[in-house]
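A structural walkthrough
As a plain string of letters, each chain reads:
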Amino acid sequence: MMLKAGVVVSLLLLLTDSSTAADKPNIILIVADDVGWYDVGFHGSDQVQTPNIDALAYSGIILNQHYVQPTCTPTRSALLAGRYPSNMGMQGIPIGGSEPRGLPPARLLPEHLKDLGYTTRMVGKWHLGFYRKELTPTYRGFDSFLGYMNGLISYYDHIYQDLIPLKPIKESLASNRATSGKAPAISFEGGQLSGLDFFRNLTPAWDLSGRYATDVFTEEAVRIITTHDTAQPLFLYLSHLACHAGNRGKLLEAPQEVIDRFPHIIEPNRKTFAAMMWKLDESVGKVVAALRDRDMLQNSVILFISDNGAPTLPVGAWPNWGSNYPLRGLKLTQWEGGVRGVGALWSAGLGTPRVSSQLVHVTDWLPTLYRAAGGDPERLQKLDGVDQWNALLHDKPSKRSDALLYVDEMRKVWGVRSDRWKLVGGSNQGGMFDGYSGEIGLSPKSPAYDDTAVLRSDVAKALSAVKSTMDAASLQQLRSKATVKCPEQVNRTVCDLVKNPEPCLFDIDTDPCEANNLAESHPQEVSRLTKLYEALTVNLVPQLNAPYDVVNADPARFGNAWLPWEGTCDRDCNDI
């Protein structure tokens, strides 16, 4: 009998792995959507209350130099594939609902963990393509899926409206560049398609319409934990809608009784955003408490990250009034506000809680979590991520000194990091998001930070049953270390990539807010990082953007639900 190559690989991995299922930690990966640096309390915000997320951070490792991508699809590609999006053609604008595009064939994190005996569950946002069923979660390594396929839905009715570009994206960009020399924002005013985007595997979940999405995802995550067979380790990927904006007309939604918890916030959109964060924080508390109740917490690794910075400004299609303060730039940019993501890691074996300055890239989580699961990352192929598990576990230097922060070759936007230095070039959205941190709606009348709420949170109570390491004094010390402060810049050289297209250089260690361009005074570093950028993009795969297939993808053809509309793979499906 002939065995497929993938089956042979899986059998070999299982046979050569000497650890038992009981030795392997449960891995809980929680991803927040469009949550900015200043939208969590542990980075210094007094305005938005996140006691559960803060308690998790103060009890583990606060990842103060954790880099992601500036938009949804690229980050999720990097997270699950362990590769730079530009090496897979997944950089640039995220996947549209009627766009026949998806993450190319590659072995993803859940597939690698299944090789090690894990049960793999996914809840929430996918956004890696679904025009063929083979691209959907249960065909890419997950045993089950409850969630949505596109980049967003409305929080209560679970409808997704696909905004259709006037012209195909590549054609529009080429035309813009030819006429103006720049690549401004794509116009999505060509029309729209609407349909339900909420599924159990590939079955539309109409029965859940009307229920708040964050609550639905939380309940499903808790149900998975409560019913899990603990003879096997669990990988739970909880990918929240919160706090991404919903469809036009009702961008932000939250229960009114939660909105009323924030009388100190005057700006109404920011007030609703705070309520959405509150529900997200509540979700983290319930998930951690469920792990404790099943006696799974002692043997669990919990990672909480945001996929990119917040899109604060009320311009563009989906602003959410989040804040990246005091970091420069918003979602869609290569500035710190766009790519320096919120991150916290907890495990009972991580030792004394701390604020980490180790350089960690989102591609690192595949080999790092694979190592935590007892696997040998040396067996994995075609990865850009590096195994950071021992470095994080024992507070050793990061295993990487360089990182490709972003590249969008169609818009000529890019950023690269090496040690303390960062080099950036190009500008997206005509520069409107480049110099802004996200101060809109921030209130000077915010109440004092509530240490007691953190210490009494569900997460704090649950973790105290495993390892009590948090008190008010240590909490405040960690919070102070995790709060970015912009030094006063005297005689600084401002970087404006719209007026002056020359690359800008920053010393991130001393200037995390990217206020002082040092390119002129440090030409040797500009040269070195330029060569590094060229080396890191030598295998760049052109963006896979495809013209929107508005006729065949129309949800009206499938009972008004967003379902795959093409057959099985009928073209070259070899790994890129």
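Given the structure is predicted, the values throughout are model-derived calculations rather than measurements.

1. Considerations on the packing of helix 6 (residues 213-227) against helix 8 (residues 268-293)
Where helix 6 contacts helix 8, the axes come no closer than 9 Å and their chain directions differ by 10°. What the angle tells us is that helix 6 and helix 8 run roughly parallel. For the pair helix 6 and helix 8, the contacting residues are Thr214, Asp215, Thr218, Ala221, Val222 and Ile225 in the first and Lys279, Leu280, Glu282, Ser283, Lys286, Val287, Ala290 and Leu291 in the second. Residue composition of the contact of helix 6 with helix 8, grouped by class: seven nonpolar, three polar and four charged.

2. Looking at unusual backbone geometry
The residue after Ala242, namely Cys243, is reached through a cis peptide bond having omega 10°. Within the secondary structure, Cys243 is located in the loop between strand 10 (234-239) and helix 7 (256-259). The omega torsion across Tyr325 and Pro326 is 0°, close enough to zero to call that bond cis. With respect to the helices and strands, the residue Pro326 is situated in the loop between strand 11 (300-306) and helix 9 (336-339). The phi angle at Asp295 is positive, at roughly 55°, despite the residue not being glycine. Here Asp295 is to be found in the loop between helix 8 and strand 11. The exposure class of Asp295 is exposed, given its relative accessible area of 70%. A positive phi angle, near 60°, is found at Lys412, a position not held by glycine. Here Lys412 is to be found in the loop between strand 15 (402-408) and strand 16 (413-418). The class for Lys412 is exposed, based on a relative accessible area of 52%.

3. Some remarks on the sheet that holds strand 17 (residues 421-425)
If you trace the four strands from one edge of the open sheet to the other, you get 15-16-17-18, paired in antiparallel fashion. Of all the strands in the sheet, just strand 15 and strand 18 (504-507) have a single pairing partner and so form its edges. Each strand axis lies, on average, 10° off the axis of its neighbour in the sheet, ignoring direction. Pairing between strand 17 and strand 18: four bridges, direction antiparallel. In the strand pairing of strand 18, Trp421 is matched with Asp507. Packing of helix 15 (residues 523-536) onto the sheet brings it into contact with strand 15, strand 16, strand 17 and strand 18, and relative to strand 16 it is tilted by some 110°.

4. Brief notes about the state of the cysteines
Scanning all chains against the criterion turns up two disulfides. Cys495 shares a disulfide with Cys504; S-S distance 2.0 Å. Looking down the S-S bond of the Cys495 and Cys504 bridge, the torsion is 90°, so its handedness is right-handed. Summarising the burial analysis for this pair, Cys495 and Cys504 share the class buried. Of all cysteine sulfurs in the structure, the one in Cys72 sits closest to Cys243, which takes part in no disulfide; the separation is 13 Å.

5. Some words on the sheet that holds strand 9 (residues 203-204)
Spatially, 10 strands are ordered 9-8-5-4-10-1-11-12-2-13 in an open sheet, and the strand pairing comes out mixed. Both outer strands of the open sheet, strand 9 and strand 13 (354-356), are each paired with one neighbouring strand and no more. With five bridges joining them, strand 4 (residues 119-125) and strand 5 (residues 144-148) adopt parallel strand pairing. Residue pairing for strand 5: Lys125 is matched across the bridge by Tyr148. Packing against the sheet, helix 3 (residues 72-81) makes contact with strand 1 (26-32), strand 4, strand 10 and strand 11, and its axis sits at approximately 170° to strand 10.

6. Focus: helix 6
End to end, helix 6 covers 21 Å across 15 residues, agreeing with the expected 21 Å (1.5 Å per residue, within 8%). Within helix 6, burial applies to Ala213, Thr214, Asp215, Val216, Phe217, Thr218, Glu220, Ala221, Ile224 and Ile225. Where helix 6 is buried, its residues contact strand 4, strand 5, strand 10 and helix 8.

7. Considering the confidence of the model for the protein chain
Taken as a whole, the protein chain shows an average pLDDT of 91; of its residues, 90% reach a score of 70 or greater. Here residues 1-18 is a poorly scored stretch, pLDDT under 50, and it has 15 contacts once near neighbours within four places are set aside; other chains count. Confidence drops under pLDDT 50 across residues 568-576; counting only partners more than four residues distant or on other chains, this segment forms 17 contacts.

8. Some words on the packing of aromatic side chains
As enumerated under the stated definition, the model contains 15 aromatic pairs in all. Where Trp126 meets Phe142, the ring centres are 6.5 Å apart and the plane angle is 90°; that geometry is what we call edge-to-face. Taken as a pair, Trp126 in the loop between strand 4 and strand 5 and Phe142 in the loop between strand 4 and strand 5 lie far apart in primary sequence, 16 residues in all. Comparing Trp126 with Phe142 shows no difference in burial state: the two are buried. Through pairs of rings, three or more aromatic residues link up here, namely Phe130, Tyr131, Tyr160, Trp562 and Trp565. The positively charged end of Arg261 is found above the aromatic ring belonging to Trp278, 3.9 Å away from the centroid. Directly above the ring of Trp335 sits Arg328, whose terminal nitrogen or CZ lies 3.8 Å from the centroid.

9. Considering the pattern of salt bridges
For the structure on display, the rule yields 29 salt bridges. With a shortest N-O distance of 3.9 Å, Asp509 and Arg417 are connected by a salt bridge. Taken together, the residues span a long stretch of sequence, with Asp509 in the loop between strand 18 and helix 15 and Arg417 in strand 16 at a distance of 92 residues. A relative accessible area of 45% places Asp509 in the partly exposed class.

About the criteria used
- Residues numbered from 1 in each chain as written.
- Predicted model: local features only at pLDDT ≥ 70, side-chain atom pairs only at ≥ 80, totals over all residues.
- Heavy atoms only, no water.
- Axes fitted to C-alpha atoms, helices over the stretch in contact; angles between N-to-C directions.
- Helix = DSSP H or I, 4+ residues; strand = E, 2+ residues; numbered from the N terminus.
- Parallel < 35°, antiparallel > 145°, perpendicular 65-115°, else oblique.
- Contact = heavy atoms within 4.5 Å.
- Nonpolar A, V, L, I, M, F, W, Y, C, P; charged D, E, K, R; others polar.
- Buried < 20%, exposed > 50% of the residue type's maximum accessible area, 1.4 Å probe, protein only.
- Pairing = 2+ DSSP bridges.
- Disulfide = S-S within 2.5 Å.
- Expected span 1.5 Å × (residues − 1).
- pLDDT = per-residue confidence, 0-100.
- Phe/Tyr/Trp six-rings, centres within 6.5 Å; stacked < 30°, edge-to-face > 60°.
- Lys NZ or Arg CZ within 6 Å of the ring centre and 35° of its normal.
- Salt bridge = Lys/Arg side-chain N within 4 Å of Asp/Glu carboxyl O.

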